[in-house]
Amino acid sequence: MMATDLPGSTPPAVERELVRDMLKRGVWFAPVILLVATVIWGLAGTASAAVAIALVTLNLLLAAAGLSWAAKVSPMALMAVSLGGFALRMGLLCVVLLALRNEPWINMVALGICLVVTHLGLLFWELQYVSASLAYPGLKPTADKEAVVP
Amino acid sequence: MLQLLAQQAPGELEAGLTAIGRGIVYGGAAIGPGIGIGIVVGNAITAMARQPEAAGMVRTTMFLGIAFTEALALFGFVLAFIIAG
């Protein structure tokens, strides 16, 4: 029996909560990446870093939306969306990179490095705020949350 | 006729080998994360089935596991495009 089968239980959208928090931190992280890319690769670096940040954001948002939706449906849907979503998102990334690779304002090395650094940077930063407990399944509790749940 | 077929333009061999190399790099880098994500999600579903009240916690770990595994695919993907130049 799944959590979704229990009467009156709605699984929390932890993925959305995590990604929303990651994007909030990304607002602080993005200017640093853009600045470093500009210093190293010039204007092409800035454009490439901006594209990389947009791709990482879109990738995380799609993953969170798909998994949150599938968790409400069934375990089979969760498996299908996880694996199918991975293939679909990599396919989308491939299409975008193939479309951009010959553009004069794109530096593929800068784009690639910014893509990996932004993705991993956001994830590692988020790890500090993740709570893996039954009471708080998503993020670590804030002072407001602690006041509500004894 | 065979001589005509065996002729190649300068740089054609290099371009062909680069394309094959790119395919191998990306193919290899996509297989590993594919298997990894399958294992992560499969075990998460088993955990949720055994302990439904822990579903939220399990999904948090699962999402982070998927995201970290995906980073490996991104490495291969980026490398494949850098090889292509």
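This structure is a prediction, so every number in the text was calculated from the model and none was measured.

Conventions and cut-offs
- Residues numbered from 1 in each chain as written.
- Chains lettered and ligands numbered in written order.
- Predicted model: local features only at pLDDT ≥ 70, side-chain atom pairs only at ≥ 80, totals over all residues.
- Helix = DSSP H or I, 4+ residues; strand = E, 2+ residues; numbered from the N terminus.
- Buried ≥ 20, exposed ≤ 12 C-beta atoms within 10 Å, placed from the backbone.
- Contact = placed C-beta atoms within 7 Å.
- Expected span 1.5 Å × (residues − 1).
- Core = buried A, V, L, I, M, F, W, Y, C linked by C-beta atoms within 7 Å.
- Axes fitted to C-alpha atoms, helices over the stretch in contact; angles between N-to-C directions.
- Parallel < 35°, antiparallel > 145°, perpendicular 65-115°, else oblique.
- Left-handed = near helix turned anticlockwise from the far one by under 90°.
- Nonpolar A, V, L, I, M, F, W, Y, C, P; charged D, E, K, R; others polar.
- pLDDT = per-residue confidence, 0-100.

Helices and strands together make up the secondary structure of chain A, namely 5 helices and 0 strands. Along chain A, helices (α) and strands (β) appear in the sequence α-α-α-α-α when read from the amino end. By the burial criterion, 35% of the 150 residues in chain A qualify as buried.

Right, let's talk about the environment of E15 of chain A for a bit. If you trace the backbone, E15 of chain A turns up in helix α1 (residues 14-41). For the pair E15 of chain A and A110 of chain A, spaced 95 residues apart in the sequence, the C-alpha separation amounts to 29 Å. In contact with E15 of chain A, other than residues within four places in its own chain, are A64, L67 and S68 of chain A together with R59 and F63 of chain B.

A few words now on helix α3 (residues 75-100) of chain A. A rise of 1.5 Å per residue sets the reference length of α3 of chain A, with its 26 residues, at 38 Å; its end C-alpha atoms lie 37 Å apart and thus fit the reference within 8%. Where α3 of chain A is concerned, the buried positions are P75, L78, V81, S82, G85, F86, M90 and L97 of chain A.

A52, L67, C114 and L115 of chain A together with F77 of chain B are the most contacted members of the largest nonpolar core, which totals 54 residues. Of all the elements in the fold, those that place two or more residues in this core are α1, α2 (43-73), α3 and α4 (108-127) of chain A together with α2 (12-50) and α3 (55-84) of chain B. Apart from residues no more than four positions distant in its own chain, L67 of chain A is found in contact with E15, L78, V81 and S82 of chain A together with F63 of chain B.

Moving on, we come to the packing of α3 of chain A against α2 of chain B. The packing of two helices is summarised by the inter-axis angle and the distance between the axes. One can describe the packing of α3 of chain A onto α2 of chain B by two numbers: an axis separation of 10 Å at closest approach and a directional angle of 160°. Relative to α2 of chain B, the element α3 of chain A lies roughly antiparallel. By crossing handedness, the relation of α3 of chain A to α2 of chain B is classed as right-handed. The residues of α2 of chain B that touch α3 of chain A, namely those facing P75, L78, M79, S82, L83, F86 and M90 of chain A, are A30, G34, I37, G38, V41, I45, M48 and A49 of chain B.

Here the focus is the interface of chain B and chain A. Contacts between the two partners involve 31 residues from chain B and, on the opposite side, 36 residues from chain A. With 20 residues, α3 of chain B is the single largest residue contributor to the side of chain B that touches chain A. Here the residues of the side of chain B that touches chain A sort into 23 nonpolar, 5 polar and 3 charged.

Residues and elements named next belong to chain A. Contact geometry for α2 and α4: axes closest at 8 Å, N-to-C directions at 40°. Considering their axes alone, α2 and α4 lie oblique with respect to each other. Between α2 and α4 lies a crossing of right-handed hand. Judged by residue contacts, A44, G45, S48, A49, V51, A52, I53, L55 and V56 of α2 engage A110, L111, C114, L115, T118, H119 and L122 from α4. Partitioned by chemical class, the residues of the contact of α2 with α4 number 12 nonpolar, 4 polar and no charged.

What follows covers the confidence of the model for chain B. All names here are of chain B. The share of residues in chain B with pLDDT of 70 or more is 94%, and the mean pLDDT across the chain is 85. Within chain B, the lowest mean pLDDT, 70, falls on helix α1 (residues 2-6), and the highest, 88, falls on α2. Two summary scores accompany this predicted model of the complex, namely pTM at 0.82 and ipTM at 0.80.

All names here are of chain A. Residues with a pLDDT of 70 or more make up 85% of chain A, whose mean pLDDT is 84. Looking across chain A, the model is least confident in helix α5 (residues 143-148), with a mean pLDDT of 57, and most confident in α2, with 92. Ignoring residues within four places in sequence, the model shows residues 1-8, a span with pLDDT below 50, making 14 contacts including any to other chains.

All names here are of chain A. Summarising the element assignment, L111 is placed in helix α4. In this structure L111 comes out as buried when scored by C-beta crowding, with 28 C-beta atoms within 10 Å. Residues L111 and L88, 23 residues apart in the sequence, show an inter-C-alpha distance of 20 Å. Those residues in contact with L111 that sit more than four places away from it in its chain are S48, V51, A52 and I106.

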